[in-house]
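If you want the building blocks of each chain, they are given just below.
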Amino acid sequence: MNRDKALRVVKEQLTERRYVHTIGVMETAIKLAEIYKVDAEKAELAAIFHDYAKFRDKEEMRQIIINQKMPHDLLQHHDELWHAPVGAYLVEKEAGITDPEVLEAIRCHTSGKINMSPLDKVLYVADYIEPGRDFPGVEQVRESAMTSLDIAVIQAMKNTITFLLKRNQPVYPDTFHAYNDMTMKVKERKLT
Ligand code: DGI
Ligand code: FE
Ligand code: FE
């Protein structure tokens, strides 16, 4: 699907503010893809559709998680996590996106996971650092992203986990697994 068509399809699903965020993620993902030799067309498509399910009805999402046999523990965790796996499912079903790498990047874009692919990392970081983001520490992640995608992923995960802990929020296991996996791999390669 070309960019204009994809943007038209996703615009219908989003608020204006979320659409602007999506454009920011798309532009950032393309830049990161070029730096880190990731397929820029896949990065563009994954970015455009990553928040496709953000405004879906919670009950509809709950039913999809149950009926599609997605991990049940999602239902015990914050519904903010649901739009990523449900989005991957709906983007295939409703928008006809079939590329498994693109769908997987969308699926894991909120929590991360162990063994993230370069495309997964590009989307994860682009979502965190796009120009509209204003999290504490985002500037440092923007800088890191120019020299090490892995360090940028770890910093973004660390900030997200810290944010959740400060608010006494539970942390979804994949989020911890992703952080541990990335941290151990970077250590083994003695990058830190
Ligand atoms: O959809 P976006 O806002 O663009 O970004 P996102 O898909 O990364 O979602 C961010 C939200 O998800 C943010 O409010 C933090 C939350 N989040 C990420 N990991 C976890 C989490 N929330 C909980 N409760 N547990 C997590 O492990
Ligand atoms: Fe999201
Ligand atoms: Fe997003």
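Residues numbered from 1 in each chain as written. Chains lettered and ligands numbered in written order. Predicted model: local features only at pLDDT ≥ 70, side-chain atom pairs only at ≥ 80, totals over all residues. Heavy atoms only, no water.

Peer 1: Any details on the environment of Phe-49? Residues and values, ideally.
Peer 2: For Phe-49, the location among the structural elements is in helix H3 (residues 40-49). Residue class for Phe-49 comes out buried when judged on its relative accessible area of 0%. C-alpha of Phe-49 to C-alpha of Gly-87: the two residues are 38 residues apart in sequence and 7.8 Å apart in space. Sequence-distant contacts of Phe-49, defined by excluding residues within four places in its chain, comprise Met-1, Ala-6, Val-9, Val-10, Val-91, Ala-95, Ile-97 and Ile-106. (Helix = DSSP H or I, 4+ residues; strand = E, 2+ residues; numbered from the N terminus. Buried < 20%, exposed > 50% of the residue type's maximum accessible area, 1.4 Å probe, protein only. Contact = heavy atoms within 4.5 Å.)

Peer 1: Mind laying out the coordination of the iron ion (ligand 3), listing which residues take part and the relevant values?
Peer 2: Coordination of the iron ion (ligand 3) by the protein comes from His-21 (NE2), His-50 (NE2), Asp-51 (OD) and Asp-127 (OD), over a distance range of 2.1 to 2.3 Å. Spacing between the donor residues of the iron ion (ligand 3) along their common chain follows H-x28-H-D-x75-D. (Donors = N, O, S within 2.8 Å, 3.2 Å for Na, K, Ca; no water.)

Peer 1: Let's hear about the coordination of the iron ion (ligand 2): which residues, and what values?
Peer 2: Note on metal geometry: ideal angles are 109.5 degrees for four donors arranged tetrahedrally and 90 or 180 degrees for six donors arranged octahedrally. At this site the iron ion (ligand 2) is bound by Asp-51 (OD), His-83 (NE2) and His-109 (NE2), with donor distances of 2.1 Å. In primary sequence terms, the donor set of the iron ion (ligand 2) follows D-x31-H-x25-H. A separation of 3.6 Å is found between the iron ion (ligand 2) and the iron ion (ligand 3), which share Asp-51 as a coordinating residue. Placement of His-83 in helix H5 (residues 83-95) and of His-109 in the loop between helix H6 (100-107) and helix H7 (118-129) is noted, with a sequence separation of 26 residues between them. His-109 matches His-83 in its accessibility class, with the two residues each being buried.

Peer 1: Could you give an account of the site of ligand 1, with specific residues and numbers?
Peer 2: As a matter of local geometry, ligand 1 sits amid 18 residues, with Arg-18, Lys-54, Thr-110, Arg-133 and Thr-175 nearest to it. Within the side chain of Arg-18, an N or O atom sits 2.8 Å from an oxygen atom of ligand 1. Between Arg-133 and ligand 1, the recorded distance is 2.8 Å, taken from a side-chain N or O atom to an oxygen atom. Isolated, ligand 1 exposes 580 Å² of accessible area, and the fraction of that covered by the protein chains is 84%. (Near = heavy atom within 4 Å. Polar contact = N/O pair within 3.5 Å; in protein donor to acceptor, adjacent residues only side chain to side chain. Areas by Shrake-Rupley, 256 points an atom, 1.4 Å probe, with all protein chains shown as cover.)

Peer 1: Quick one: what's the story with unusual backbone geometry, residue by residue and with numbers?
Peer 2: Despite not being glycine, Lys-37 has its phi angle at roughly 55 degrees, a positive value. One can find Lys-37 in the loop between helix H2 (16-35) and H3. Positive phi is not limited to glycine here, since Asn-115 has a value of about 55 degrees. Relative to the helices and strands, Asn-115 resides in the loop between H6 and H7.

Peer 1: Go over the packing of aromatic side chains, please, and point to the residues and values.
Peer 2: What describes a pair of aromatic rings is the distance from one ring centre to the other and the angle between the planes of the rings. One pass over the structure, following the stated rule, counts two aromatic pairs. Residues Phe-49 and Tyr-52 carry aromatic rings whose centres are separated by 6.1 Å and whose planes lie at 55 degrees to one another, so their mutual orientation is tilted. Overall, Tyr-52 belongs to the buried group, its relative accessible area being 3%. Ring geometry for Tyr-128 and Phe-135: centres 4.7 Å apart, planes at 40 degrees, overall tilted. By relative accessible area, Tyr-128 is classed as buried at 9%. Overall, the relative accessible area of 32% leaves Phe-135 in the partly exposed class. (Phe/Tyr/Trp six-rings, centres within 6.5 Å; stacked < 30°, edge-to-face > 60°.)

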